[in-house]
Amino acid sequence: MLKNNFKIALRSILKNKIFSFINITGLAIGIAASLLILQYVNYELNYENFNEKADRVFRLKTNRYNQGELSTEWASGVVSIGPLLKENMPEVEAYARLTQTSGVISNGDNEFRERKIYFANSDVFNVFDIDLIDGDPKTALDELYTMAVSESTANRYFGRTDVVGETLMYNKSRSIKITAVFEDVPQNSHMKFDMLGSWATVSRGREQQMNSVWYWDGYFNYVLLKEGTNPEAFAQRVDGFVETQWGEEMRNADTWMDFELQALSDIHLYSNFIGEAEVNGDGDSVYALLGISFFIILIAWVNYVNLSTAKSMERSKEVGLRKVMGSQKGQLIRQFLTESFVINLLAVILAFGIVVLVLPYFAQLADQPMTLALFTQQGFWIGLGALFLIGTFLSGLYPAFVLSSFKPIESLKGSNAANSGRTWLRKGLVVFQFMASVGLIIGTYTVYEQISFMRNQDLGIDIKQTLVITGPSVTDSTYQEKFTAFADVLKGNSGIDNVVVSTAIPGREVGWNAGGIRREGAPDSEGRQYRVLGLGYEFVETFDMELIAGRSFTRGYGDEESKILFSRSAVKDFGFASPEEALNTRIQFWGQIYTIIGVVEDYHHTSLKDNYDKLLFRLLPNTQGYYSIKYTASNTKDVINTAEENWARFFPGNPFEYFFLDDEYAEQYKADQQFGSVFTIFSSLAIFVACLGLFGLAAYMTSKRTKEIGIRKVLGASVSNIVNLLSTDFLKLIGLSVVLAIPLAYYGMEQWLNGFAFRIDLYWYILALPALFVILVALATVSFQTSRAARANPVNSLRSE
């Protein structure tokens, strides 16, 4: 019986080649697209899954308040909270405290600038699953000037991994002993470190102070809670501890601090705060793509249901004859489910081939480590099998029950096809398909418009034609003279306008946060927090920043390092009525007095996702952070070569690392652009699959009305009359889809856009153009079939009459 079912299924597929092609192609595209998206989503949702204790590990996010108002949220927060909680709360099994740095590491002539260096306490090996290849986790980070290195780092410097006991030089000035080698941190970790230095190295006699203060930020603190601990109850106890430990001291300063527990597995998708270890993902985007995969495969299944039920009239006589010959309803259901099985099986095979072909391109687009090794993973085959089985039953069950329910006498008379219930179901499914398609296209267009808006908006600062060099880590007492000579040599080149220094550059977070900033003589309770950008002379002029009051730093005035600049937002936050009122005001923080000499117009230091930063600007001509080279030369290669030659001359022992500032700034939008590209591709696939089904449905419905068309032509109907007649019903359905989709898409995209400080408005054309596009595509699809029928010779269709 099973063999017979398969034979009949194959005959049916070969007999209806066009409809079989549409069904198999649509299902294959839907399955392939869903598989790719599901692998992407699975990767994003499984960050930290290699940590066996991930469900008990929490990061302590620090929230700081000024006069009752939330001012800053720190991923890398207060230095002391980890050890204090371990000491005072029995629920804490262990804590890990880390702080990040960078520097030039060398082994003889083999030297690199390392950016993923962290200093940590020994419990880091208990909190996180870090597999040691060599060394003792209990003692590896106990002593001063010791370090654990990753497997790839050991190979980079020594060409082998048995390096425990070897030494590396840090910034050419300090010898660091290697005490352990660990396996490389997996890619799906929110914190990827290559080197772990001992905490004793960074504390160096300040341990007692670092374990008690509440005002030093920039440190990651993780707690491993004991099994059975309720995280919500523990968080409330932390609030009580903060009150007991620092409450009176913070109230006297009219400031406050509290903590939030961030589950380790949530950090990658739901954390975007000051001092993150890595650029994190976006949970909303991940689930949006998951929704797209759902719609694509659902649209493909809907195609199968629509075409199968539409062709039910052709199969009704077959069903009638089978029933007359003794077939039971269950046998017929199994027959039609077998056909669904075969079609879905062929679609799965084709989908697998599509995935193999496009996987490298999709991996590059999604910026994820996807390779053919994907096919060795159990999850991939489980997903493929699930889509196959669900597709077989979900898309095959309804047509099977419809076809098997025909009554023999009515089937042989050909009266089953007029069932209005099935007609309304088909119409409803078509409406669903195109409602989803319109919504996806509106979403795609909105994402494109928002990204274009952010990339083309005036930043309030000139970042074009700017070459940035990462400042030297290896320096000596003659650094200032060397920098001045380096800058003078470069400026002597006709294609270079200026060279300026700063602690941060546009496009990268200002990491320096200063608290307790207040007017001279004011009590501590009036202190406020601001981000501080250190810069050299002529920085404001070089970047064409707008001064709205006062002046910038100028060499001729003298004692300029006791002066300070405010941004407009900082002026407003500080309580000044106008920028002019702020001039010559003396402020104090960190035990020093500064005079405000100028106010700078707000500018977009980071992405337009964020609001204007409240910034203060200090003169730090000796800073080593970044060198910004403004050039006018058309040949950028000459500028790079000139800079590199002189870099080696003035700063030997420091790797020459550079980037173009406009490219670096654009990197902030890379994730959004990737999301937009993926969204566009899969939305287009959804439209294609929907139109594929519409094409098949139009072809079938037109074929059933060939005699009617012939009669109308004989009676004088024109081609346009007939096309209009046959297209009207479909266009009504598409129109209804548009009407239903627009308000839903509007609501969804408004929610997405609200995540941006600077955003577009959803003007009418953003909603109307995608809707018009879908209508035109649908009309073209239907018209292709109807116009062919309308142009056919009526004699051919009426010959049998």
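One can find the structure itself at the top, above this paragraph.
These notes cover the structure that comes with them. Note that this is a predicted model, so its numbers are computed, not measured.

### Focus on the overall build of the chain
Phase 1 of the analysis: Secondary structure assignment for the chain yields 26 helices and 22 strands.
Phase 2 of the analysis: A buried classification covers 52% of the 801 residues belonging to the chain.
Phase 3 of the analysis: Of the contacts formed within the chain by residues at least 6 apart in sequence, a portion of 79% connects residues at least 24 apart.
Phase 4 of the analysis: For the chain, the accessible surface area stands at approximately 35,600 Å², while carbon and sulfur atoms represent 54% of it.

### As for unusual backbone geometry
Phase 1 of the analysis: For Tyr145, which is not a glycine, the phi torsion comes out positive at approximately 60 degrees.
Phase 2 of the analysis: If you check the backbone angles, Asp559 has positive phi at about 50 degrees while not being a glycine.
Phase 3 of the analysis: For Asp559, the location among the structural elements is in the loop between β16 (547–550) and β17 (563–567).

### Concerning a negative patch on the surface
Phase 1 of the analysis: A cluster of acidic side chains, namely Glu52, Asp131, Glu151, Glu183 and Asp184, defines a negative patch on the protein surface.
Phase 2 of the analysis: Among the secondary structure elements, Glu183 is positioned in the loop between β8 (174–182) and β9 (195–198).

### Quick notes on the nonpolar core
Phase 1 of the analysis: One finds Ile31, Phe434, Met545, Phe617 and Phe682 to be the most contacted residues of the largest nonpolar core, which totals 111 residues.
Phase 2 of the analysis: Ranked by residue count, the leading element in this core is helix α2 (residues 17–45), at 14 residues.
Phase 3 of the analysis: Non-local contacts of Ile31, meaning those with residues more than four positions away in its chain, are made with Ile297, Ala347, Val348, Ala351, Leu384 and Leu387.
Phase 4 of the analysis: Grouped together as the second largest cluster of nonpolar side chains are 27 residues, Ala94, Val124, Ala140 and Ala277 included.

### Overview of the packing of helix α3 (residues 81–88) against helix α8 (residues 231–252)
Phase 1 of the analysis: Where α3 meets α8, the axes come as close as 12 Å, and the angle between the chain directions of the two elements is 105 degrees. In terms of axis orientation, α3 runs roughly perpendicular to α8. Residue-level contacts link Ile81, Leu84, Leu85 and Asn88 of α3 to Phe234, Val238, Phe241, Gln245 and Trp246 of α8.
Phase 2 of the analysis: Class assignment for the residues of the contact of α3 with α8 results in seven nonpolar, two polar and no charged.

### Re a nonpolar patch on the surface
Phase 1 of the analysis: On the surface, Leu45, Tyr270 and Tyr287 cluster together to form a nonpolar patch covering roughly 300 Å² of accessible area.
Phase 2 of the analysis: As for its placement among the helices and strands, Tyr287 is situated in helix α10 (residues 283–310).
Phase 3 of the analysis: Given the relative accessible area of 42%, Tyr287 is considered partly exposed.

### Observations concerning the environment of Leu753
Phase 1 of the analysis: The residue Leu753 is located in helix α24 (residues 719–753) in this model.
Phase 2 of the analysis: In sequence terms Leu753 and Gln450 are 303 residues apart; their C-alpha atoms lie 8.0 Å from each other.
Phase 3 of the analysis: Once you skip the residues sitting within four places of it in the chain, Leu753 turns out to touch Thr446, Gln450, Arg759, Ile760 and Leu762.

### Section: the pattern of salt bridges
Phase 1 of the analysis: Scanning the model with the defined rule gives 23 salt bridges in all.
Phase 2 of the analysis: Glu91 is the salt-bridge partner of Arg237, the closest N and O atoms lying 2.6 Å from each other. Here Arg237 is found in helix α8, whereas its partner Glu91 is found in the loop between α3 and β3 (92–107), with 146 residues between them in sequence.
Phase 3 of the analysis: Residue Glu91 is classed as buried on the basis of its relative accessible area of 16%.
Phase 4 of the analysis: Residue Arg528 is joined to Asp573 by a salt bridge in which the shortest nitrogen-to-oxygen separation is 2.9 Å. With a gap of 45 residues between them, Arg528 in strand β15 (residues 528–535) and Asp573 in helix α18 (residues 568–574) connect regions that are remote in the sequence.
Phase 5 of the analysis: Residue Arg528 is classed as buried on the basis of its relative accessible area, which comes to 9%.

Calculation rules
Within each chain, residues carry numbers counting from 1 in the order of the written sequence. Reporting of local features is limited, given that this is a predicted model, to residues whose pLDDT is at least 70; pairs of side-chain atoms are given and counted only at 80 or more, and all residues count toward the totals for whole chains, interfaces and linings. For the side-chain quantities, the full set of heavy atoms in the structure was used; hydrogens and water were omitted. Counting from the N terminus, the helices are DSSP H or I runs at least four residues long and the strands are E runs at least two residues long. To sort residues, take the accessible area from a 1.4 Å probe on protein chains only and compare it with the maximum for the residue type: under 20% means buried, over 50% means exposed, and anything in between is partly exposed. Any two residues whose heavy atoms approach within 4.5 Å are treated as being in contact. Note that accessible areas follow from Shrake-Rupley with a 1.4 Å probe, and for residues the cover is restricted to the protein chains shown. Put simply, a patch holds well-exposed residues, over 30% relative accessible area, that have no salt bridge, with like charges counted together within 9 Å and Val, Leu, Ile, Met, Phe, Trp or Tyr side chains within 5 Å. The rule for a salt bridge is simple: a side-chain nitrogen of Lys or Arg has to be within 4 Å of a carboxyl oxygen of Asp or Glu. His residues and chain termini do not enter the charge count, which takes Lys and Arg as positive and Asp and Glu as negative. A charge is said to be at NZ when it belongs to Lys, at CZ for Arg, at CG for Asp and at CD for Glu. The criterion is simple. A nonpolar core is a set of buried Ala, Val, Leu, Ile, Met, Phe, Trp, Tyr and Cys residues joined through side-chain atoms within 4.5 Å. Angular values range over 0 to 180 degrees, each being the angle between N-to-C directions of two axes fitted as lines to C-alpha atoms, with helices fitted over their stretch in contact. The labels follow the angle: roughly parallel below 35 degrees, roughly antiparallel above 145, roughly perpendicular from 65 to 115, and oblique for the rest. In this classification, Asp, Glu, Lys and Arg are treated as charged, Ala, Val, Leu, Ile, Met, Phe, Trp, Tyr, Cys and Pro as nonpolar, and every other residue, Gly included, as polar.

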